[in-house]
Amino acid sequence: MFRNKMILGLIFLVSLGLMADSAQGAWWQFWEKDAQAVVQPEVKESPEAVGTESELAKATEQEGTQTIEAQAIEPKLVMEYKLSEGEEIVDVIFDEAEMTVKEAKALGMKGLEQRKATETVKVQYPKVLVTKKAVKFLDEKRKVTNEIPLKEVQIERVAYKSPLVSLSTNRIILVTQEGEFTFHLDCFDTKGNLIWQKRNLGNPVFLSGNGGYIVSGPLMTAHEAPPVCILCEVKNGKELWNKKINTEFWIPHILHNGQVLILEDFFFEKKSKISLIDIDGKTLWNRELLNTGDWTIVSSELEDKIIIWNWVGHIYVFKKNGDILWDSKKFPTGDINLFLSEDNNYLVILTGNQIFMINTVRGNILWKRNVENDFNYASMSRDNSYLLLTKGPPYFLRQPHLTDKFTILERKTGQIIKIKRKGYIWGELLENEKIFLKSGSDLLMFHLPLSGKERKN
C-alpha cells in the first residue's frame, strides 16, 4: 500500500507537467483537414548507431521547428458495414478473400468503378466482430455464420482485451472477472462448442501474436498482484508451466511465438529483473536493471527487438538474445503509451498531447510534436508511411469514455489530416493506405492514397 501511494503520488506530480488543454473544435464535421501543422522535421537517418546519451542529446538539439501546410488528401470510403441498431462494435478481426469486381461491388465495396467486372480483386472483410452482446463470425459475403453470446461482465469496462479470438486455432476465450483477483476462462470453438474451462485464476490473461498461447499475469507493476505466472496452450487449455514470482510487483509480456518475458520489480531494493522463459518453462536468460517503478514492454512479430520503458523516462532496447542494443534516459516521464512499428524500426511514444517518433536502431528522436487532443493509442501502416492516433479500443482504456477525434500523420513529414465523426470512434491502419474505423454500430473502411495519388486495391 505504501508503494502504491508513493508511485501514484509521483505519477500525479509528473503528469501535471505534461497535461495540456485539449482544443475545442467545430463538432460533427465528417472530414476536416488541418490548415497548418507545426512539426519538428525528421533528423536525417544514417547507418551509424547513435549509441550514447550525449549523441542522442546532440541529435535531439539539432532539431528545429517549421510550419508546413497539411497535405490535401481525400480519404475515400471503400466499405461500410452496419450492425443492428443499438449493437456497438468493440473489436474486429479482418480476413482477406478473392472475388470478382462484380461480386465485390455487390457487397458494397467502393472505388472499383474503373475496374472490369470480371477482374479478380482481393477484398478485406470483417471475419470476426465483437459487440457488447456477442462474438459474431462472418463469411466473405458478410453473412453471420455463428455467434457466441456475451454477458455484460465479460465485455463492459474491462481493463484487458476480452474476449480473446485466435483464428489460428479457431478458439475464442471469454474472460469473466469476479473481484479484483478472480478470473474465469471459458474457451469455445468458432461453432460455439465449449472446449475447455479454467476457474479462479489470480490474474487476467493475454494472447500471443500467433494465437497459440495465453499467459496469466497483471497489467502493471504499480499495484500488488498474485505472484504466479501461468502459460497455457489455447487449443486444448493445457498448462505448460506455472512459475512462482519473487515479488508482488511484476508483469509478463508474451511474445509472438509464445515465449514470455517476466519483469520483477523489487521496489525497496531499488532494482528489477527481467527473464525470458521458453514455452517448455526453461529460462533462456536473466538481466538485472537498476530501476524500479511502473514498466511498459512492447514487441512485434519479428521479435528482434524488445522495448522496455520505465516511468522515469529510461528506455532499454533488448535483442532477442538478451543483449542490450541501446538504452537512454532522455525520454518522457510519467504516464505514457508505447507502440512499435511492424518492422520494429520505429517506436511511437504518446504522452498527453505530445508524440515522439523514435528510431529503434539508433535510439534517436526523429521528430516530436504536439497534437490537439490527448491520444493513447497508435497504429502504423505496414510500409511505415502513416501513423493513426486515436483514444484506443474499449479494452485499452482503463476509464473508457467517448471521443469523436482521431488524427492521421505522415511518419516522415508530420503532415496531418484531422478527422472528426459523431459518436465514439476508434480505428487502426491496415496494410499500407487502408484504414478502418469503428463508430457505434458502423464499421467503415477508407482508402488513403499516398501523396494524393490513387493506388489500386
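Just so we're clear, the structure is a prediction, and the values are computed from it rather than from any experiment.

## Focus on the packing of aromatic side chains
Here is step 1: For the structure shown, the criterion picks out six aromatic pairs.
Here is step 2: On the basis of an interplanar angle of 80° and a centroid distance of 5.2 Å, the ring pair of Phe 267 and Phe 268 is categorised as edge-to-face.
Here is step 3: Here the aromatic rings of Trp 285 and Phe 318 are separated by 5.8 Å at their centres, their planes lie at 15°, and the arrangement is stacked. Linking Trp 285 in strand S19 (residues 283-289) with Phe 318 in strand S22 (residues 314-319), this pair joins segments that are 33 residues apart in sequence. Across the pair, Phe 318 and Trp 285 agree in class, each one buried.
Here is step 4: Among the aromatic residues, those joined into a ring-pair cluster are Trp 285, Trp 295, Tyr 316 and Phe 318.

## Side note on the confidence of the model for the protein
Interpretation of the predicted coordinates at a detailed level should be avoided for regions scoring low in pLDDT.
Here is step 1: Residue-level pLDDT values for the protein average 75, and 69% of them are 70 or greater.
Here is step 2: Below pLDDT 50 for its whole length, residues 396-401 participates in 14 contacts with residues either more than four positions away or in separate chains.
Here is step 3: Contacts for the low-pLDDT stretch residues 450-457, under 50 throughout, to residues beyond four places or in other chains number 23 contacts.

## Here's the deal with a negative patch on the surface
Here is step 1: Side chains of Asp 95, Glu 96, Glu 98, Glu 103 and Glu 140 sit close together on the surface and give a patch of like negative charge.
Here is step 2: At three residues, strand S4 (residues 89-100) tops the list of elements feeding residues into the negative patch.
Here is step 3: Position of Glu 98 relative to the elements: it lies in strand S4.
Here is step 4: Overall, Glu 98 belongs to the exposed group, its relative accessible area being 57%.

## A word on the sheet that holds strand S11 (residues 194-201)
Here is step 1: Strand order in the open sheet formed by four strands is S8-S9-S10-S11, with antiparallel pairing between adjacent strands. Across the chains shown, the open sheet's two edge strands, defined by having one partner strand only, are strand S8 (164-166) and S11. Pairs of neighbouring strands in the sheet enclose a mean axial angle of 15°, with direction left out of account.
Here is step 2: Of the strand pairs in this sheet, strand S9 (residues 171-177) and strand S10 (residues 183-189) are connected by seven bridges, and their pairing is antiparallel. Counterpart to Val 175 in the pairing with S10 is Leu 185.

## Some remarks on the environment of Val 317
Here is step 1: The residue Val 317 is located in strand S22 in this model.
Here is step 2: By relative accessible area, Val 317 is classed as buried at 1%.
Here is step 3: Residues Val 317 and Gly 363, 46 residues apart in the sequence, show an inter-C-alpha distance of 8.6 Å.
Here is step 4: Apart from residues lying up to four places away in sequence, Val 317 is in contact with Lys 305, Ile 306, Ile 307, Asp 323, Ile 324, Leu 325, Trp 326 and Thr 360.

## Looking at the pattern of salt bridges
Here the idea is simple: oppositely charged side chains can pair when their charged atoms come close.
Here is step 1: Going through the model one piece at a time under the given rule, you end up with eight salt bridges.
Here is step 2: The residue Lys 271 makes a salt bridge to Glu 269 at a minimum N-O spacing of 3.8 Å.
Here is step 3: Of the charged contacts, one joins Asp 304 and Lys 305 as a salt bridge, the two residues approaching to 3.6 Å between their closest N and O atoms.

## Digging into the pairing of strand S21 (residues 305-310)
Here is step 1: Where burial is concerned, most of S21 is hidden: six out of the six residues are buried.
Here is step 2: Burial of S21 is two-sided: the residues Lys 305, Ile 307 and Trp 309 facing one way and the residues Ile 306, Ile 308 and Asn 310 facing the other way are all buried.
Here is step 3: With four bridges joining them, strand S20 (residues 295-298) and S21 adopt antiparallel strand pairing. Looking across to S21, one finds that Trp 295 is bridged to Asn 310.
Here is step 4: Between S20 and S21, which pair antiparallel one after the other, the connecting turn spans six residues, and Glu 303 there sits at a positive phi close to 60°.
Here is step 5: What sits between the antiparallel neighbours S21 and S22 is a turn of three residues, in which Gly 313 has the positive phi angle 90°.

## As for the nonpolar core
The tendency in soluble globular proteins is for nonpolar side chains to be buried as a group.
Here is step 1: Counting 21 residues, the largest nonpolar core has Met 79, Ala 104, Leu 129 and Leu 443 as the members making the most contacts within it.
Here is step 2: In terms of residues, this core owes the most to one element, S4, which gives five residues.
Here is step 3: The contact partners of Leu 129, leaving out residues within four places of it in the chain, are Tyr 81, Leu 83, Ile 89, Asp 91, Val 92, Ala 134, Val 135, Lys 136, Leu 138 and Leu 443.
Here is step 4: Judged by nonpolar contacts, the second largest core, of 17 residues, contains Ala 378, Met 380, Leu 387 and Leu 409.

## Overview of the environment of Tyr 316
Here is step 1: Relative to the helices and strands, Tyr 316 is located in strand S22.
Here is step 2: On the accessibility criterion, Tyr 316 (6% relative accessible area) is buried.
Here is step 3: Here the alpha-carbon distance between Tyr 316 and Gly 363, two residues 47 residues apart in the chain, equals 9.6 Å.
Here is step 4: With residues up to four places along the chain from it excluded, the contact list for Tyr 316 reads Leu 289, Leu 290, Asn 291, Trp 295, Ile 306, Ile 307, Ile 308, Ile 324, Trp 326 and Asp 327.
Here is step 5: A polar contact of 2.9 Å, which involves the side chain of Tyr 316, links it to the side chain of Asn 291.

Scoring rules and cut-offs
- Residues numbered from 1 in each chain as written.
- Predicted model: local features only at pLDDT ≥ 70, side-chain atom pairs only at ≥ 80, totals over all residues.
- Heavy atoms only, no water.
- Phe/Tyr/Trp six-rings, centres within 6.5 Å; stacked < 30°, edge-to-face > 60°.
- Helix = DSSP H or I, 4+ residues; strand = E, 2+ residues; numbered from the N terminus.
- Buried < 20%, exposed > 50% of the residue type's maximum accessible area, 1.4 Å probe, protein only.
- pLDDT = per-residue confidence, 0-100.
- Contact = heavy atoms within 4.5 Å.
- Patch = residues over 30% accessible without salt bridge, like charges linked within 9 Å, V, L, I, M, F, W, Y side chains within 5 Å.
- Areas by Shrake-Rupley, 256 points an atom, 1.4 Å probe, with all protein chains shown as cover.
- Salt bridge = Lys/Arg side-chain N within 4 Å of Asp/Glu carboxyl O.
- Lys, Arg positive; Asp, Glu negative; His and termini not counted.
- Charge placed at Lys NZ, Arg CZ, Asp CG, Glu CD.
- Pairing = 2+ DSSP bridges.
- Axes fitted to C-alpha atoms, helices over the stretch in contact; angles between N-to-C directions.
- Core = buried A, V, L, I, M, F, W, Y, C linked by side-chain atoms within 4.5 Å.
- Polar contact = N/O pair within 3.5 Å; in protein donor to acceptor, adjacent residues only side chain to side chain.

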